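# Analysis of the macromolecular model
So the chains spell out like this:
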Amino acid sequence: MTMRVNGQVTVPGDKSISHRALMFASLARPGSKSVVREILDSADVRSTAGVLRALGVPIPAFSSNMAITGVGRRGLAAASAALDCGNSGTTARLISGILAASPFRSLLVGDESLSRRPMRRVARPLEAMGAHIALAAGDRLPMRIDGATLSALRWKSETASAQVKSAILLAGLVAGVEVTVEEPSPSRDHTERFLRALGATLLVNGSSITLAPVTRDLSAFDLTVPGDPSSAAFFAALASLADAGSLSLLHVLDSPTRDGFFRTLTSMGGAVARSAPRHTDSGESVTTYEITPAQLHGVEVAASSVPSMIDELPLLACLAAHAEGETVISGAEELRVKESDRIAATVANLRAVGAEAEERPDGMVIHGGDAPLRGRIVTHGDHRIAMAFGILGRRRSNAIEVDDPDCVAVSYPSFWRTLDEVTR
Ligand code: S3P
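Basis of the calculations
- Residues numbered from 1 in each chain as written.
- Predicted model: local features only at pLDDT ≥ 70, side-chain atom pairs only at ≥ 80, totals over all residues.
- Heavy atoms only, no water.
- Helix = DSSP H or I, 4+ residues; strand = E, 2+ residues; numbered from the N terminus.
- Rg over C-alpha atoms; globule rule 2.2 N^0.38 Å.
- Buried < 20%, exposed > 50% of the residue type's maximum accessible area, 1.4 Å probe, protein only.
- Contact = heavy atoms within 4.5 Å.
- Salt bridge = Lys/Arg side-chain N within 4 Å of Asp/Glu carboxyl O.
- Near = heavy atom within 4 Å.
- Polar contact = N/O pair within 3.5 Å; in protein donor to acceptor, adjacent residues only side chain to side chain.
- Areas by Shrake-Rupley, 256 points an atom, 1.4 Å probe, with all protein chains shown as cover.
- 1 Å grid on protein atoms, 1.4 Å probe; cavity = no way out; pocket = protein on both sides within 12 Å on 5 of 7 lines; lining within 4 Å.
- Sits in = over half its atoms within 2 Å of the grid points.
- Nonpolar A, V, L, I, M, F, W, Y, C, P; charged D, E, K, R; others polar.
- Points joined across faces, edges and corners; volume = space filled by probe spheres on them.
- Axes fitted to C-alpha atoms, helices over the stretch in contact; angles between N-to-C directions.
- Parallel < 35°, antiparallel > 145°, perpendicular 65-115°, else oblique.
- Left-handed = near helix turned anticlockwise from the far one by under 90°.
- Pairing = 2+ DSSP bridges.

Here we take up the overall build of the protein. Assigned secondary structure in the protein consists of 12 helices and 22 strands. Its C-alpha atoms give the protein a radius of gyration of 21 Å, near enough to 22 Å, the size a compact globule of 424 residues would have. The dimensions of the protein, computed from C-alpha atoms along their principal axes, are 60 × 40 × 40 Å. With 424 residues in all, the protein has 59% of them scored as buried. In the protein, the share of contacts with a sequence separation of at least 24, taken over all contacts with a separation of at least 6, comes to 75%.

Structural data, given as structure tokens:
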């Protein structure tokens, strides 16, 4: 049976920007009102909202038009219980920066997957600023943070991680001290864009970013969250694998720090048309993608393009399973410490459905082919593994069963419904 796609997809709001919108609206001038439109309503963003509520911020129920009253940088209050970050690394790591500069004790906890992920990467710079942090097994949640009066910091990050960079910038913001972060290559820059837009001074010098001491509370804002390119990528892949039709992906965040998947799909021979970027009130640009089916060929993904497509690499590997020739992904060892070990999970699942793939310590090699792929895959509760194989399963003659389809609620609760609608 052939697969035909048809229609338009408005993907949900960007996850990274949604987390940050809640945090910056909370820290804005006491009594000020921010309006956040089209926020992503998913389990991860709900974790951030829950943590902020527990710290005394009156975050209302999720809606497409949320008004949030700020409490100020110094307005958070000690929570009466542990702060549950659920499955969300962004919640745990970004909030840790805010709490390191807040003068009370906090305890961050998370689900089983988050409790396996490394936290020392944020604890080290925050301790160097003067916070007191205790981690389970020296690197894991639960994380106990005793907030303190922090001092300025210059930090050279070993990994290109927006979460580490953001934790340091947020600690600097709340503490009112200068911080400089140097990254091996640029990671997503949404925190920097918020800081600038709301009145802070940031200096960028090559790969290092300096936040000048912030002496006043930041302003409130009015923002429409752009569509998430990491969610749009699934439907771009679907249209590429289809036999006929086309898909339009509307209002997708257009950022050089996030568009690596779309650039790589183009270099694999994908038929990707991108409209001229439109600037929005969020300080970010959006675009419309139009994707039609194409015979793809293998590609080499080098370390330098990994940060701009880090969350899309399992999906790229699934596409590569039907591309002509070999695809090699390297410099992507960070995938091993995401919601699951995404190198091991992607390769094991590709093999389980009959594709040829091998693990490398820092990536994977996929040998493309045309034979149908069939079988059951194990998500390990990882939303992106579920969606990547959900897309692969829709290709003509493929039949892939996903063991835990509901885990998509972390970032894209309506994923399966939308998938059914556009492949009808
Ligand atoms: C995110 C940064 C990335 C990404 C995650 C969201 C963010 O993690 O994988 O899904 O919002 O800052 P790292 O900073 O660990 O690379």
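Pairs can form between side chains of opposite charge whenever their charged atoms are close. In this structure the tally under the stated criterion is 30 salt bridges. For Lys-15, the salt bridge goes to Asp-44, with nearest N and O atoms at 3.1 Å. Taken together, the positions of Lys-15 in helix H1 (residues 15-27) and Asp-44 in helix H2 (residues 43-54) put the pair 29 residues apart, joining distant regions of the chain. Just as Lys-15 is buried, Asp-44 falls in that class too. Connected via shared salt-bridge partners are Arg-117, Arg-188, Asp-311, Glu-339, Arg-342 and Asp-382.

To continue, consider the site of the ligand. Near the ligand, the surroundings consist of Ser-16, Arg-20, Thr-90, Arg-93, Ser-161, Ala-162, Gln-163, Arg-188, Ile-310, Asp-311 and Lys-338. The contact in question runs from an oxygen atom of the ligand to an N or O atom on the backbone of Ala-162, over 2.9 Å. Asp-311 places a polar side-chain atom, nitrogen or oxygen, 2.7 Å from an oxygen atom of the ligand. In isolation the ligand offers 390 Å² of accessible surface; the protein chains occlude 94% of this area. When atom positions are compared with the pocket grids, the ligand is found to occupy the largest pocket. Looking at the shell around the ligand, the elements that each hand over two or more residues are H1, helix H3 (89-100) and helix H5 (162-175). Its residues assigned to classes, the shell around the ligand shows two nonpolar, four polar and five charged.

Time to look at helix H10 (residues 342-352). All of the buried residues in H10 are Arg-342, Ile-343, Ala-345, Thr-346, Val-347, Asn-349 and Leu-350. Where the residues of H10 are buried, they touch helix H9 (313-320), strand E19 (356-360), strand E20 (363-367), strand E21 (374-377) and helix H11 (383-392).

Here we come to the layout of surface pockets. In this model, the largest pocket occupies a volume close to 580 Å³. Lining the largest pocket are 38 residues, and of these Ala-160, Ser-161, Ile-310, Glu-334 and Lys-338 sit closest to its centre. At the level of elements, H1, H3, H5 and H11 are the ones that each hand at least two residues to the lining of the largest pocket. A per-element tally of the lining of the largest pocket places H1 first, with four residues. Of the residues that constitute the lining of the largest pocket, the class distribution is nine nonpolar, 12 polar and 17 charged. Residue lining of the second largest pocket: 18 residues in total, with Val-11, Pro-12, Gly-13, Glu-38 and Ile-39 positioned closest to the centre. Here the residues of the lining of the second largest pocket are counted per class, giving eight nonpolar, eight polar and two charged.

With that settled, consider the packing of H1 against H2. Interhelical geometry of H1 versus H2 gives an angle of 10° and a closest axis separation of 9 Å. Considering their axes alone, H1 and H2 lie roughly parallel with respect to each other. H1 and H2 meet at a crossing whose hand is right-handed. Taken together, the residues of H2 that come into contact with H1 (itself represented by Lys-15, Ser-18, His-19, Leu-22, Met-23 and Ser-26) are Asp-44, Val-45, Thr-48, Ala-49 and Leu-52.

Turning next to the side chain of Ser-161. As for its placement among the helices and strands, Ser-161 is situated in the loop between strand E8 (153-156) and H5. Leave out the neighbours within four places in its chain, and Ser-161 touches Glu-183 and Ser-187.

With respect to topology, four strands assemble into an open sheet ordered E8-E9-E11-E10, the strand pairing being mixed. Only two strands of the sheet have a single neighbouring strand rather than two, namely E8 and strand E10 (202-205). Along the sheet, successive strands turn relative to each other by an average axial angle of 15°, direction set aside. Where strand E9 (residues 179-182) meets strand E11 (residues 208-211), four bridges bridge the pair, whose relative direction is antiparallel.

Cis peptide bonds are those with omega within 30 degrees of zero, and the linkage from Leu-141 to Pro-142 qualifies with -5°. Phi at Glu-38 takes a positive value of approximately 55°, unusual for a residue other than glycine. Its place among the elements puts Glu-38 in the loop between strand E2 (33-37) and H2. The phi dihedral of His-251 is positive, around 55°, even though this residue is not glycine. Relative to the helices and strands, His-251 is located in strand E13 (residues 244-254). Taking the relative accessible area as the measure of exposure, His-251 reaches 25% and is therefore partly exposed.

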